[in-house]
Amino acid sequence: MNEQPPCLGLPGFLEPKDTSGWQVLPATIAAQALCRDSCPRDLFLDCARSALSAGNSVGDDQDRVADGVVMAGIVCRGDALTGKALRRVIKQYAETPANRPRHCLNCHKPMTTRRRKLLGHVIHESGGLCTRCRRAEQRSA
Ligand SMILES: [Zn+2]
């Protein structure tokens with residue numbers, strides 16, 4: 001597998017110099033959405049895991065979280081909250097069965113689980129299809 005992360009070479013992922021309120025800039029919010037919607041699950045998980053120690057410098061005996069960068073959909077600020085948010089997405093993604101695609105195979109809408117409803121996402125029913133597409137398939141069968 002040789003997948004490229006969709007964020008490669010795009011703006012909005014690095015904190016601009018002398019900008020306050022970086023985390024609420026449209027480019028930053030777009031960057032976060034790209035992570036969540038377009039990044040393949042494995043890359044996303046890798047990204048989140050590496051962000052946990054991305055702030056390390058040589059000789060650190062404790063991991064420092066990333067600072068001034070959007071990673072895994074999180075605006076990383078190098079603080080404890082960043083670490084908490086990263087660990088939360090790692091947990092959430094690690095629990096997702098690998099056979100459930102992040103988008104419905106039929107309607108291609110972003111898909112979530114019944115247990116964890118997200119605004120704008122369809123709910124996974126089975127076989128990689130959302131509830132609506134699965135029902136439509138059953139009707140036509
Ligand atoms: Zn669907």
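Note that the structure is a prediction, hence the values are computed from the model and not measured.

Along its length, the protein carries four helices and five strands. Walking the protein from its N terminus toward its C terminus, one meets helices and strands in the order α-α-β-β-α-β-β-β-α. Dimensions of the protein along its principal axes, counting C-alpha atoms only, are 60 × 30 × 30 Å. By the burial criterion, 34% of the 141 residues in the protein qualify as buried. At a minimum sequence separation of 6, the contacts of the protein that also span at least 24 residues come to 42%. Roughly 9200 Å² of accessible area belongs to the protein as shown, and the carbon and sulfur atoms make up 53% of that amount.

Counting 24 residues, the largest nonpolar core has Phe44, Val70, Cys76 and Leu86 as the members making the most contacts within it. For this core, the secondary structure elements donating two or more residues are α1 (26–38), α2 (41–51), β1 (67–71), β2 (74–77) and α3 (80–94). Among the elements that line this core, the one with the most residues is α3, at five residues. By size, the runner-up hydrophobic cluster in this structure holds six residues, among which are Met111, Val122, Leu129 and Cys133.

Now for the sheet that holds strand β3 (residues 111–112). Read across the sheet, three strands follow the order β3-β4-β5 without closing on themselves; strand pairing throughout is mixed. The outermost strands of the open sheet, each flanked by one partner alone, are β3 and β5 (129–130).

On to the domain arrangement of the protein, then. According to the domain assignment, the protein consists of domain 1 (1–95) and domain 2 (99–141). Each of domain 1 and domain 2 has a C-alpha centre, and these two points are 27 Å apart. Taken together, the contact pairs nine residues of domain 1 with four residues of domain 2. Of the roughly 480 Å² buried between domain 1 and domain 2 on both sides combined, carbon and sulfur atoms contribute 35%. Our count for the domain 1 to domain 2 interface comes out at zero salt bridges. Here domain 1 is connected to domain 2 by three residue pairs in polar contact (both at pLDDT 80 or more). When residues of the side of domain 1 that touches domain 2 are traced back to their parent elements, those giving at least two are α1 and α3. It is α1 that provides the largest number of residues to the side of domain 1 that touches domain 2, a total of three residues. The residue makeup of the side of domain 1 that touches domain 2, split by class, is four nonpolar, one polar and four charged.

This part is about the side chain of threonine 28. Position of threonine 28 relative to the elements: it lies in helix α1. You can call threonine 28 buried: its relative accessible area is 1%. Within polar-contact distance, the side chain of threonine 28 engages the backbone oxygen of tryptophan 22 at 2.7 Å. Not counting chain neighbours up to four residues away, the residues in contact with threonine 28 comprise Gly12, Trp22, Gln23, Val70 and Val75.

Scoring rules and cut-offs
Residues numbered from 1 in each chain as written. Predicted model: local features only at pLDDT ≥ 70, side-chain atom pairs only at ≥ 80, totals over all residues. Heavy atoms only, no water. Helix = DSSP H or I, 4+ residues; strand = E, 2+ residues; numbered from the N terminus. Buried < 20%, exposed > 50% of the residue type's maximum accessible area, 1.4 Å probe, protein only. Contact = heavy atoms within 4.5 Å. Areas by Shrake-Rupley, 256 points an atom, 1.4 Å probe, with all protein chains shown as cover. Core = buried A, V, L, I, M, F, W, Y, C linked by side-chain atoms within 4.5 Å. Pairing = 2+ DSSP bridges. Domains from an automatic or database assignment. Buried area = accessible area lost by both parts, 1.4 Å probe. Salt bridge = Lys/Arg side-chain N within 4 Å of Asp/Glu carboxyl O. Polar contact = N/O pair within 3.5 Å; in protein donor to acceptor, adjacent residues only side chain to side chain. Nonpolar A, V, L, I, M, F, W, Y, C, P; charged D, E, K, R; others polar.

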